[in-house]
Amino acid sequence: QVQVVESGGGLMQPGGSLRLSCVASGSFFTIYLMGWFRQAPGKQRELVATITRSNGVTNYADSVKGRFTISRDNAKNTVYLQMNSLKPEDTAVYYCNTRATVRGGPFTDYWGQGTQVTVSS
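Source: prediction; values computed, not measured.

A.B. asks: How would you sum up the pattern of salt bridges? Please name residues and give values.
C.D. replies: Applying the stated rule across the entire model yields five salt bridges. With a closest N to O distance of 3.1 Å, Asp 62 and Lys 65 form a salt bridge. What makes Asp 62 exposed here is its relative accessible area of 64%. We note a salt bridge from Arg 99 to Asp 109, for which the minimum N-O separation is 2.8 Å. Of this pair, Arg 99 sits in strand 9 (residues 92–102) while Asp 109 sits in strand 10 (residues 108–111); the two residues are 10 residues apart in sequence, bridging distant segments of the chain. Of the residues examined, Arg 99 reaches a relative accessible area of 33% and is grouped as partly exposed. Overall, the relative accessible area of 34% leaves Asp 109 in the partly exposed class.

A.B. asks: Describe in detail the state of the cysteines, supporting the description with residues and values.
C.D. replies: Tallied over the entire structure, the rule returns one disulfide. Each disulfide pairs two cysteine sulfurs, and for Cys 22 the partner residue is Cys 96, the sulfurs being separated by 2.0 Å. Disulfide Cys 22 to Cys 96: torsion about the S-S bond roughly -80°, handedness left-handed. One end of the pair, Cys 22, is in strand 3 (residues 18–26); the other, Cys 96, is in strand 9, and 74 residues separate them in sequence. The same class applies to Cys 22 and to Cys 96, which are both buried.

A.B. asks: How would you summarise the sheet that holds strand 1 (residues 2–7) if you had to cite specific residues and measurements?
C.D. replies: Read from one edge to the other, the open sheet built from four strands follows the order 1-3-8-7, with strand pairing classed as antiparallel. For this open sheet the edge positions go to strand 1 and strand 7 (68–73), each flanked by a neighbour on one side alone. Within the sheet, the average angular offset between the axes of one strand and its neighbour, ignoring direction, is 15°. Bridge count between strand 3 and strand 8 (residues 78–83): six bridges; the pairing is antiparallel. Following the sheet pairing, Val 23 is matched in strand 8 by Thr 78.

Criteria and cut-off values
Residues numbered from 1 in each chain as written. Predicted model: local features only at pLDDT ≥ 70, side-chain atom pairs only at ≥ 80, totals over all residues. Heavy atoms only, no water. Salt bridge = Lys/Arg side-chain N within 4 Å of Asp/Glu carboxyl O. Buried < 20%, exposed > 50% of the residue type's maximum accessible area, 1.4 Å probe, protein only. Helix = DSSP H or I, 4+ residues; strand = E, 2+ residues; numbered from the N terminus. Disulfide = S-S within 2.5 Å. Pairing = 2+ DSSP bridges. Axes fitted to C-alpha atoms, helices over the stretch in contact; angles between N-to-C directions.

As far as function goes, none of this settles anything; it's purely spatial.
If you want it as structure tokens, here you go:
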């Protein structure tokens, strides 16, 4: 099994910045990709950004391009989401996703418990 734990959410004013962190841990696992998703009240969960472990290829939702930056630290099995120029519409629970194999098995998505980000004046 792979455990995924997020941190760094909170309350921020519009235009401000927050940095989310996510650590994956466990035994005999290999990470392929890590990313962030978010879910606002009454809405479906949506992709925010992803990054591949091997070569750092990134993918962003159009709504966050130019404002959010995803990065990784492979040695720490950690992914970060730097969120700048925050808007009220960025308010959501942010979930970290880790796609990994365990003992060479199939790719599986592992999720954290989520961290609340609220953007409000």
